[in-house]
Amino acid sequence: MNVLWIFAHPEPRSLGGSLRDEGVRTLRAQGADVRESDLYAMKWNPVVDADDFGSAAGSDRLFVGSTSKSALQTGELSADIRAEHEKLAWADTVIVQFPLWWYGMPAILKGWFDRVFVKGLGYGIQRPDGRTARYGEGTMNGKRAMVVLTTGSPEAAVGPRGVNGEINEILFPLQHGALWYTGMSVLPPLTICGADRFSPEQYDAAAEALRERLRTLSTQDPIPFRHQNGGDYDDSLVLRDELAPGRSGIGVHLAG
Ligand SMILES: Cc1cc2nc3c(=O)[nH]c(=O)nc-3n(C[C@H](O)[C@H](O)[C@H](O)COP(=O)(O)O)c2cc1C
C-alpha cells in the first residue's frame, strides 16, 4: 500500500501531531510505504496566483472555458505543485488530517486543494462520450481516501441532531466536493471529538481507534456517494424525482 498522509497542523507536538506520528508508525509497521505532505513544515503556499492559473499559457483571455489550456497541459506548473502531483500519482491511499477550524479545514489545507487539484487533474476531464468525468470518475479513480480530524466539540454535538450539524454534512465540501469529485472512494471519516480536553486515557482510545481504522483501510466500505454519470442525475445534474422522493439536502446524494 502506498499512502500519502496530508497533515495540516502548525504544531507537531499537538494532539493532531501525535496522532499523525502514531498513524504513520502504524502504517509502516503494517508494511505500507508512507509519504507525507506536512503542510506547515513544508511552508506550503496556499494562495493560487496568476501563474498557477495558467495566465502564461498562451491565451490573452482566460475566460474561454474548456478551450483554454491548463497549466498542467502546458507544463507550466510550479515545482511545489508538480511535487504534490507526483506524490498523488504514486499513492493508492490518501489520508487527509486536520483539526476542524470554523467548520472546515485550515486555510493552508484548503489552499493545497486549490493549487494542487488543477484543471486537467482535479477538474475539466472530458470522457470520450463528451460527458465530464467527475463525482466518482476522474484522474483519482481507484484511490481510497480517508479524512482524520479532531474537533473541539464533543461527539454528541457533531452527531445527527448536534448543534454543529452532522460531521458528514460538515465534511461534504471536502469528501464529496473534492475527494469524490476527482474519483476517489471516500471511507467514513475518523472523528476524534472533544479534543480540547483530553485525558491520557482518551488519547489511548483515540490512538487505538486510529490504528484500527488504518489496519482495515483496504477493506472498509466507502461512503456510498452517487455517481454523477451512473443514471441517478438528469442532464442538469439534478437527482431524479423517483430517488429519495420528497427529500432534499446533502443526504440525498447517498445511494440507498
Ligand atoms: C481557529 C479555530 C477554529 C475552530 N473551530 C472549531 C469548529 O468549528 N468546531 C469544533 O468542533 N472545534 C473547533 N475548534 C477546536 C479545534 O478543532 C480543536 O482545538 C482541535 O481539534 C484540537 O486538536 P489539536 O490539539 O491537535 O489542535 C477550533 C479551533 C481553532 C483554533
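These remarks concern the structure in this document. Keep in mind that this is a model prediction, so the values were computed, not measured.

**Observations concerning the packing of helix 3 (residues 79-90) against helix 4 (residues 107-116)**
So, step 1. Following both chains from N to C, one finds helix 3 and helix 4 inclined at 90°, their axes separated by 10 Å at the closest point. Viewed along their axes, helix 3 and helix 4 adopt a mutual orientation that is roughly perpendicular. Mapping the contact onto sequence places D80, I81, E84, H85 and L88 in helix 3 and W112, R115 and V116 in helix 4.
So, step 2. Each residue belonging to the contact of helix 3 with helix 4 can be placed in one class, and the counts come to 4 nonpolar, 1 polar and 3 charged.

**Remarks on the site of the ligand**
So, step 1. Neighbouring residues of the ligand: 15 residues in total, closest H9, W102, T150, S153 and D196.
So, step 2. Here L15 contributes a backbone N or O atom positioned 3.4 Å from an oxygen atom of the ligand.
So, step 3. Between the ligand and Y103, the relevant distance is 2.9 Å, taken from an oxygen atom to a main-chain nitrogen or oxygen of the residue.
So, step 4. Protein contacts shield 72% of the accessible area of the ligand, which totals 630 Å² for the unbound molecule.
So, step 5. Of the residues belonging to the shell around the ligand, the class tally is 7 nonpolar, 7 polar and 1 charged.

Calculation rules
Residues numbered from 1 in each chain as written. Predicted model: local features only at pLDDT ≥ 70, side-chain atom pairs only at ≥ 80, totals over all residues. Heavy atoms only, no water. Axes fitted to C-alpha atoms, helices over the stretch in contact; angles between N-to-C directions. Helix = DSSP H or I, 4+ residues; strand = E, 2+ residues; numbered from the N terminus. Parallel < 35°, antiparallel > 145°, perpendicular 65-115°, else oblique. Contact = heavy atoms within 4.5 Å. Nonpolar A, V, L, I, M, F, W, Y, C, P; charged D, E, K, R; others polar. Near = heavy atom within 4 Å. Polar contact = N/O pair within 3.5 Å; in protein donor to acceptor, adjacent residues only side chain to side chain. Areas by Shrake-Rupley, 256 points an atom, 1.4 Å probe, with all protein chains shown as cover.

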